Amino acid sequence: MTANSGFALGGSNNPLAFPHTQPITLALQGGGSLGAYAWGVLDRLLEAPELRIEVVSGASAGAMNAALLVQGLATGGPPEAKRLLETFWRRVAVASGSPDIAGAGWLFPFSGIMSPLTDALRQTAKGLSQRQVNPLGLNPLRSILTGLFDPSVLGQEGAPALVVSATRVRTGEARLFRDGEVTAEVLLASSCLPQLFPAVEINGEPYWDGGFASNPPLRALIEAGAPADIVLVRTTPVERPERPTSAAAILERTEEMTFGAALRQELRSLALAQRLLADLPAVPGVLARLRDARLHVIGAEEEFRALKIGSHQDPSWTFLQELRELGRRTADRWLIADLASVGVRSTVDLSDFAEPVLEPGIGVL
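Residues numbered from 1 in each chain as written. Predicted model: local features only at pLDDT ≥ 70, side-chain atom pairs only at ≥ 80, totals over all residues. Heavy atoms only, no water.

Caption draft 1: Looking closely at the nonpolar core. Counting residues in hydrophobic clusters, the biggest one holds 69 residues, and the most contacted among them are Leu26, Leu69 and Phe88. Take this core: its biggest share by element is 16 residues, from helix 2 (residues 61-95). Not counting chain neighbours up to four residues away, the residues in contact with Phe88 comprise Met64, Leu68, Leu141, Ile144, Leu145 and Leu148. Grouped together as the second largest cluster of nonpolar side chains are 18 residues, Ile230, Leu263, Ala273 and Leu295 included. (Core = buried A, V, L, I, M, F, W, Y, C linked by side-chain atoms within 4.5 Å. Buried < 20%, exposed > 50% of the residue type's maximum accessible area, 1.4 Å probe, protein only. Helix = DSSP H or I, 4+ residues; strand = E, 2+ residues; numbered from the N terminus. Contact = heavy atoms within 4.5 Å.)

Caption draft 2: Local environment of helix 11 (residues 317-338). In a regular helix each residue adds 1.5 Å, so 22 residues correspond to 32 Å; helix 11 covers 31 Å between its end C-alpha atoms and thus fits that length. Buried residues of helix 11: Trp317, Phe319, Leu320, Leu323, Arg324, Leu326, Gly327, Thr330, Ala331, Trp334, Leu335 and Asp338, and no others. Buried positions along helix 11 lie against helix 1 (35-45), strand 2 (51-59), helix 2, strand 7 (229-233), strand 8 (294-298) and helix 10 (301-306). (Expected span 1.5 Å × (residues − 1).)

Caption draft 3: Quick peek at a nonpolar patch on the surface. A cluster of nonpolar side chains, namely Val357, Leu358 and Ile362, defines an oily patch on the protein surface of about 370 Å² accessible area. Mapped onto the secondary structure, Leu358 falls in the segment after helix 11. Looking at Leu358, the relative accessible area reads 57%, which means it is exposed. (Patch = residues over 30% accessible without salt bridge, like charges linked within 9 Å, V, L, I, M, F, W, Y side chains within 5 Å. Areas by Shrake-Rupley, 256 points an atom, 1.4 Å probe, with all protein chains shown as cover. Salt bridge = Lys/Arg side-chain N within 4 Å of Asp/Glu carboxyl O.)

Caption draft 4: Seen up close, the environment of Ala67. Inspection of the secondary structure assignment puts Ala67 in helix 2. Here the alpha-carbon distance between Ala67 and Val164, two residues 97 residues apart in the chain, equals 8.2 Å. If sequence neighbours within four positions are ignored, Ala67 has contacts with Phe149, Leu154, Leu162 and Leu187.

Caption draft 5: Expanded view of the pairing of strand 6 (residues 205-208). Because side chains alternate across strand 6, one face comprises the buried residues Glu205 and Tyr207, and the other comprises Pro206 and Trp208, none of which is buried. Sheet analysis places strand 3 (residues 161-168) next to strand 6, joined by 2 bridges and oriented antiparallel. Bridge pairing in strand 6 places Thr167 opposite Trp208. In the sheet, strand 5 (residues 200-202) pairs with strand 6 via 3 bridges, with the strands oriented antiparallel. Pairing of Val200 across the sheet is with Tyr207, part of strand 6. In textbook terms, the turn of a hairpin is the stretch between consecutive antiparallel strands, and for strand 5 and strand 6 this stretch comprises 2 residues, one of which, Asn203, has a positive phi near 55°. (Pairing = 2+ DSSP bridges.)

In structure tokens form, the structure reads like this:
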């Protein structure tokens, strides 16, 4: 995707058809099972008639949520988007062999296919290779998406734009796939944890989880002309004051730091751009979009910190439902507190991200 490719409006996204709604861009983080939190956030936002979702980006679990959200909105509006998201997360639970999901007989073909890999994921802390924990290279997400995800509707008139990130193994850079480029293989690439799954090849290029390089895509959306109001849905805490000491806690924190690094860099880049451009009387297109972007964040800081170690590997239906309800509650609180600011101002202070890393004066005088 290039910076001047633009996001076209059409069909149900035409602002003239809904003059009282605010167009927004959604950016969805990954996070394994914690993606069910974002499911809950989306479930609540779909009930807000004041908002019009025009662009959605995601990485890893966020890519799954984003793709099914866009597909649902394109084919049946909010009710269909809600149905597809719930069906996806139900399939995840059933595939893990979750014993606490009722009425899932029709999903029997998927039952238990993820369970061995869920156990294998917990073994990666012992230093085992991908070939040792998953010698057959099985990816249960492929079966979960079968018959559910329909890429043919992406990019059609009236559908929100979709952007999904994956990471090039060769260079470590993000590759952003847009609309009709997003296939099931792309979603599998965006969710490919190299500890578990072999790299997903697309046109001869191997890819790993999009969270390594762009979690989620943010600045590229602004540059390409997405709505100025970016709603970032986080699935991890901003910070953890406590010091991890156990092997499991250290591993989990290093994973959080790894998958959060790209987002921190994007936020710093946006903050610096806005500081430099703030007082200029006139700037051209892309720079104007960066200057005028408004950021909003939905997250559950204290609740995320309180989750037990390994929660991102827990696909049980009870836990996924708890996360969904948490997502709905925090989205509801955000709507009450910040909805009036959409279209007017940012509700996130980016100034700390723009502070210099080193004080001036390091060079030779």
